[in-house]
Amino acid sequence: MGSYVIPNVHLLSKGLSGANVYLLTDKTLTLIDTGMPGSAEAILNTIRSLGRAPADLARIIITHHHIDHTGSLAELVQQTHAQVLAHPADVPFITGQQARPAPRGFFMRLLFRLVPSMTRYTPVKVDATLQDGDKLDILGGAVVIHVPGHTPGSIALHFPAERMLIAGDTINRRGERLSLPIAYFTEDMPQAIASIGRMAALDYEVLCTGHGAPLTSGAAQQVRAFHQSKTTAST
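What counts and what doesn't
- Residues numbered from 1 in each chain as written.
- Predicted model: local features only at pLDDT ≥ 70, side-chain atom pairs only at ≥ 80, totals over all residues.
- Heavy atoms only, no water.
- Helix = DSSP H or I, 4+ residues; strand = E, 2+ residues; numbered from the N terminus.
- Buried < 20%, exposed > 50% of the residue type's maximum accessible area, 1.4 Å probe, protein only.
- Expected span 1.5 Å × (residues − 1).
- Salt bridge = Lys/Arg side-chain N within 4 Å of Asp/Glu carboxyl O.
- Contact = heavy atoms within 4.5 Å.
- Axes fitted to C-alpha atoms, helices over the stretch in contact; angles between N-to-C directions.
- Parallel < 35°, antiparallel > 145°, perpendicular 65-115°, else oblique.
- Nonpolar A, V, L, I, M, F, W, Y, C, P; charged D, E, K, R; others polar.

**Q** How do you make sense of unusual backbone geometry when you look at a structure like this?
**A** Note: most residues except glycine have negative phi, and most peptide bonds are trans. Positive phi, close to 75°, is recorded for N8, a residue that is not glycine. Tracing the backbone shows N8 in the loop between β1 (2-6) and β2 (9-12). Classification of N8 by relative accessible area gives partly exposed; the value is 36%. For H81, which is not glycine, the phi torsion reads 60° and is therefore positive. Among the secondary structure elements, H81 is positioned in the loop between α3 (73-80) and β6 (83-86). Exposure remark for H81: the relative accessible area of 68% places this residue in the exposed category.

**Q** Could you clarify how one ought to interpret helix α6 (residues 189-200) in this entry?
**A** Side chains of residues three or four places apart in an α-helix project in the same direction, reflecting 3.6 residues per turn. For α6, built from 12 residues, the straight-helix expectation of 16 Å at 1.5 Å per residue is met to within 8% by its first-to-last C-alpha distance of 16 Å. Buried residues of α6: A192, I193, S195, I196, G197, M199 and A200, and no others.

**Q** Could you clarify how one ought to interpret the pattern of salt bridges in this entry?
**A** Oppositely charged side chains may form a pair once their charged atoms are brought near each other. Within this structure, the stated rule accounts for 7 salt bridges. The salt bridge involving D203 is made with R163; its shortest N-O contact spans 2.7 Å. Highlighted residues: D203 in the loop between α6 and β14 (206-209) and R163 in the loop between β10 (155-159) and β11 (164-168), separated in sequence by 40 residues. Judged by relative accessible area, which is 34%, R163 ranks as partly exposed. For the salt bridge of R163 with E205, the shortest nitrogen-to-oxygen distance reads 3.6 Å. In this pair, R163 is assigned in the loop between β10 and β11 and E205 in the loop between α6 and β14, connecting sequence segments 42 residues apart.

**Q** Where do I start with the environment of I60 in this structure?
**A** Position of I60 relative to the elements: it lies in strand β5 (residues 57-61). As for I60 and Q83, which are separated by 23 residues in sequence, their C-alpha atoms are 6.1 Å apart. Residues within four places of I60 in sequence aside, it is in contact with L31, T34, L73, L76, V77, A82, Q83, V84 and L85.

**Q** Looking at this model, I keep getting lost on the packing of helix α1 (residues 40-49) against α3. Mind explaining?
**A** For any two helices packed against each other, one specifies the crossing angle of their axes together with the interaxial distance. Contact pair α1 / α3: the axes reach a minimum separation of 9 Å and the direction vectors enclose 45°. By the angle between their directions, the pair α1 and α3 is classed as oblique. Residues A40, E41, I43 and L44 of α1 form the contact with α3, whose own contacting residues are E75, L76, Q79 and T80. Split by residue class, the contact of α1 with α3 holds 4 nonpolar, 2 polar and 2 charged.

This is the structure:
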């Protein structure tokens, strides 16, 4: 159904497609992102397998508005009544008030037209917005970090007590290497690289990325080196 990243942090996998989905098991449950459409039942089955009920899911935090992170949001809210939290800059895309920008590149745009699941999204109300520096009472405390660039409202979550950063798609992993967000879907790559610089300045051992396996040791040092390599390459 999934695997532990650290105690009380699960990376969900079985039956899911799209981006990584993380389940935080505290007094109540917190879900970070929801995968592509059709992932809801697999997520709920994982919750049940842990001896918890879907009603224990108190909140769903969206790192950014892309379909592979929000595709199952509506169904999960319908079945759990969890609160939805996101940065205000991405709220209009989540609620359907504003159309998502088309991806860059002719072939990627064509793919989105030809594959319905790429655009099949049910708008969802956002119950609360998350601003840079907001503190959340999850796993000993989380701090919201606004990391725009991939989307205007991309966020990361820093857990100082757990020495963990959940980064969304602002930084990813390809195999054993860190990587930039996918260019086709990134609105402002220089801004995304600057946001990686913000994440590089934080203290953490574990990095949970939106795509690729989590990095479970020495993460901040690797992010610093990666950011340095990208800023050097651009000068």
